[in-house]
Every structure is written in structure tokens, then in C-alpha cells.
Amino acid sequence: MVSAPVATHPLQFASDNYSGICPEALEYMLNANSGDVPAYGDDDWTQRAADTFRTTFETDCEVFFVFNGTAANSLTLASLCQSYHSVICHELAHIETDECGAPEFASNGSKLLLAQGSQGKLDPAEVERLITKRSDIHYPKPKVISLTQSTEVGTVYTADELIALTGLARRYGLKVHMDGARFANALVASGKTPAELTWKAGIDVLCCCGTKNGMGLGEAILFFDRSLAEDFDYRCKQAGQLCSKMRFISAPWLGLLETGAWLRNAAHANRMAAYLEQQLRQIPGLDILFPRQANGVFVQMPPPLIDALHRRGWRFYTFIGSGGVRLMCAWNTTPEAIDALVGDIKAAIATLA
Ligand SMILES: *Cc1c(COP(=O)(O)O)cnc(C)c1O
């Protein structure tokens, strides 16, 4: 007998990784669970998933699967850098703020250089300033620009904004890495094709959203510049990121891509965030902090209101400065959950007044 979990925690807008596995990913995972197949990615599911990435992105890229986003980013950056190189990223970038130094660890010391930029996006002028700031031997040589799509504050780079940054990278001989933990959310928000928002805009490598989109685990890494993927399989193995039963990562990925669920999941999450934003805008005294372009809403709340919501059992992150609340929607967010949160916010405000 399989027992259901005793308690779920529906009172949350903490993260899209609180959600479970979406039906399409789960169905493919169950389908993959018949019989024995070769291990370490030498199986049909993995071949089909990789091929489907290539057709989806309209290019013959190299495809790898790892367990999580921190590994995907860190190992990718390590493969683009020597230890004496540096990676330019936004000061709010996940690789800087939420990976416990894993990119530096994996690369044996490549340094992150932090750039500013409004709305969570790298500002090309600021990036150029960092690239040209020093050229002497005493400074870690800039080698990669890393950007996050959609960004850590829920905004989306347009294709033109990407081209401005990747053009800069080309001019100075840098490579460009995209942290796409929420790539599908950016993709459906932009109305562009996967190709237009990546390699056609000059991106060299994409770490592509599995977990937050609706998988149980497993991020995909797409090297559009195949030469950068040399020996990457060895790097994954050495880092403990080569899954022996690979089909249980690759089959769910095939499910997401083949059925279109990855786009439906992202579109749903974005739609829910739009609805949440619209409801929050009607509450006096709350300020929306960033343009809501993907599946997150960032709102400034008075600290007593945040405390009151926590006491009512709501979970969310408050890491964007004092009073800045991040509310994330996922493939399974319901309008009812949003109505319940908004109702509790209104009730709490009335009590505090
Ligand atoms: C969630 C996330 C990741 C991946 O995090 P893991 O917990 O390591 O899977 C990477 N980048 C961004 C921007 C994220 O939000």
C-alpha cells in the first residue's frame, strides 16, 4: 500500500520548487519504469529526450542531464573557465547569492565579478566597464557573462537585450551562459522561439529548467557551441552528477517537451502571477517592486503585515531587502490559493489598521 502524505502545505507562494511532479512528467517516468535498459544515459529515453531538445531548439546542440540547477550552473561555468578566469554576473544572480560558492568550487577558483543593473538585468555599460577595468596579470581575466532568464526578480530579457550583451561578449572574446531555471517562463512571456531566445541571440550554453517547470528533479544543459562541451561528461561524472538510471531524468523531460507541457506549465504559472499581481494592485499600501513579466510577483509589504501572514501559516521568501516579499507561482498554482492569500492580506491589514 502507498500511503498519502499526512499533511500538505497549500499556504505557500515560496517557490515553484515546492510543487510536485506534473502529470506529463510523471506519466513518462512511469512508462520508463518497465524492464531493464542500459545505464548512464546509454538508453533510448535519453537519446529521444536529447533529440527532442535538438528539434525544439532547431540546432544540433550537445545535451546533458544533471540532478539540479546548482550543479548545472557550476559545472557549465567551470567548463567555460580556467581557474584564473572570472565570470561577470548580476549582483542578484543565483550563482552569486544561492549556490554557496559552488561555481568557484567547481572551477577551482574562477571569480565572480558582480555587475549592477536595474530590474535584475545586466546593464551592458556596466558589463563593459567590468570587462575593460583591468587587463593586467594581477586581475582574474573576464571570460564569461552569465545571465539569468527569467531573472531573479521575475523580469525577462528581450531578444534585443540579449543580443546587446552577447555582442559585447563576442567583441571581447567572452562566452555567454544562461541560467534558465525559469527559461520556459521567459520563453512563453516573450513569444519568441526557443532558438530565438538562446543561440540565435548569441547564447553559448543554456541550463534549462526541469525542477521548477514540473519535474521531480533534473536539469538539462544545452551546449549550442559544441566545442565547449568537450569532456563535459567526465566533469559531470567526477562531480557525482552522472545519474546511472538516467532514464528517470530523461523520460520526464521527454514528457515535458513532447506533450508541450513545459510551455503549458510555464504559461499557467505566468498567468497565475498576472492574476495575483492584478489582485495585489487593488490593495492600497502595497507596492509592486518589479515589472511582473514571468511567474513571480515582488511586493513591498509593511513588516507587521508580513508577520501577520506568517502567523496565518503562509510561506514566502523575504530576501529582497527589508519588506520585499517574493511570491512565486508554479504549474499547479490555483486561483483559489491566490484568492485565499489576498483575502488573508486584506484581513490582516484590517486587523492591523
Ligand atoms: C532554483 C534556481 C536554480 C537552481 O537551484 P537548485 O536548487 O540547485 O536546483 C538556479 N538558478 C536560479 C535562478 C534559480 O531560481
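Whatever comes next refers back to the structure up there.
My aim in this report is to walk through the structure given alongside it, one point at a time.

It is worth spelling out the layout of surface pockets at this point. The volume enclosed by the largest pocket comes to roughly 570 Å³. Considering the residues around the largest pocket, the lining is formed by 26 residues, among which H94, D98, R182, K212 and R326 are closest to the centre. Secondary structure elements with two or more residues in the lining of the largest pocket: α3 (69–80) and α4 (94–97). Top contributing element to the lining of the largest pocket by residue count: α3, with three residues. Each residue belonging to the lining of the largest pocket can be placed in one class, and the counts come to six nonpolar, 12 polar and eight charged. Here the lining of the largest pocket spans two domains, and each of domain 1 (23–260) and domain 2 (262–352) adds at least three residues to it.

Let us now look at the sheet that holds strand β8 (residues 287–288). An order of β8-β9-β10 is seen for the three strands of this open sheet, with the pairing classed as antiparallel. Each edge of the open sheet carries a strand with a single partner, namely β8 and β10 (324–328). As defined by bridge partners, β8 adjoins strand β9 (residues 296–300) across two bridges and the pair is classed as antiparallel. Across the sheet, the residue bridging to D287 is Q300, located in β9.

This part covers the site of the ligand. Near the ligand the following residues occur: N68, G69, T70, N73, H94, E99, T148, E152, D179, A181, R182 and K212. Side-chain polar atom of H94 to a nitrogen atom of the ligand: 3.4 Å apart, as the coordinates give it. With respect to the ligand, the side chain of R182 contributes an N or O atom lying 3.1 Å from an oxygen atom. When isolated, the ligand has an accessible area of 390 Å², and the protein chains bury 82% of it. Taking a 2 Å distance to the grid points as the criterion, the majority of the atoms of the ligand fall inside the largest pocket. Counting residues per element, the shell around the ligand draws most heavily on α3, which supplies three residues. Class assignment for the residues of the shell around the ligand results in one nonpolar, six polar and five charged.

In this section: the pattern of salt bridges. Per the stated rule, a full pass over the model turns up 14 salt bridges. When the shortest N-O distance is used, the salt bridge between E161 and K121 registers 2.9 Å. Of this pair, E161 sits in helix α7 (residues 159–172) while K121 is found in the loop between β3 (111–115) and α6 (124–132), placing the two residues 40 residues apart along the sequence. With a closest N to O distance of 2.5 Å, R134 and D136 form a salt bridge. Since its relative accessible area comes to 34%, R134 is described here as partly exposed.

This part is about the side chain of T148. By the secondary structure assignment, T148 is in strand β4 (residues 141–148). A polar contact is formed between the side chain of T148 and the side chain of E152, at a distance of 2.8 Å. Not counting the four nearest positions on each side in its chain, T148 is found in contact with Y157 and D179.

With that settled, consider the pairing of strand β1 (residues 62–66). The buried fraction of β1 amounts to four of the five residues, a majority that puts the element mostly inside the structure. Here β1 pairs with strand β7 (residues 219–223) via five bridges, running antiparallel. Bridging across to β7, E62 finds its partner in F223.

Of note, the bond from Q149 into S150 is cis; its omega dihedral lies within 30 degrees of zero at -10 degrees. As for its position among the elements, S150 is in the loop between β4 and α7. A positive phi is found at E58, a non-glycine position, where the angle reads about 55 degrees. Assignment of secondary structure puts E58 in the loop between α2 (44–56) and β1.

In this model α7 runs 20 Å from its N-terminal to its C-terminal C-alpha over 14 residues, within 8% of the 20 Å that 1.5 Å per residue would give. For α7, the set of buried residues is A159, L162, L165, T166, L168 and A169. Packing partners of the buried residues in α7 comprise α6, β4 and β5 (175–180). Phi for G173, located one or two positions after α7, is positive at around 75 degrees.

Definitions and cut-offs
Residues numbered from 1 in each chain as written. Predicted model: local features only at pLDDT ≥ 70, side-chain atom pairs only at ≥ 80, totals over all residues. Heavy atoms only, no water. 1 Å grid on protein atoms, 1.4 Å probe; cavity = no way out; pocket = protein on both sides within 12 Å on 5 of 7 lines; lining within 4 Å. Points joined across faces, edges and corners; volume = space filled by probe spheres on them. Helix = DSSP H or I, 4+ residues; strand = E, 2+ residues; numbered from the N terminus. Nonpolar A, V, L, I, M, F, W, Y, C, P; charged D, E, K, R; others polar. Domains from an automatic or database assignment. Pairing = 2+ DSSP bridges. Near = heavy atom within 4 Å. Polar contact = N/O pair within 3.5 Å; in protein donor to acceptor, adjacent residues only side chain to side chain. Areas by Shrake-Rupley, 256 points an atom, 1.4 Å probe, with all protein chains shown as cover. Sits in = over half its atoms within 2 Å of the grid points. Salt bridge = Lys/Arg side-chain N within 4 Å of Asp/Glu carboxyl O. Buried < 20%, exposed > 50% of the residue type's maximum accessible area, 1.4 Å probe, protein only. Contact = heavy atoms within 4.5 Å. Expected span 1.5 Å × (residues − 1).

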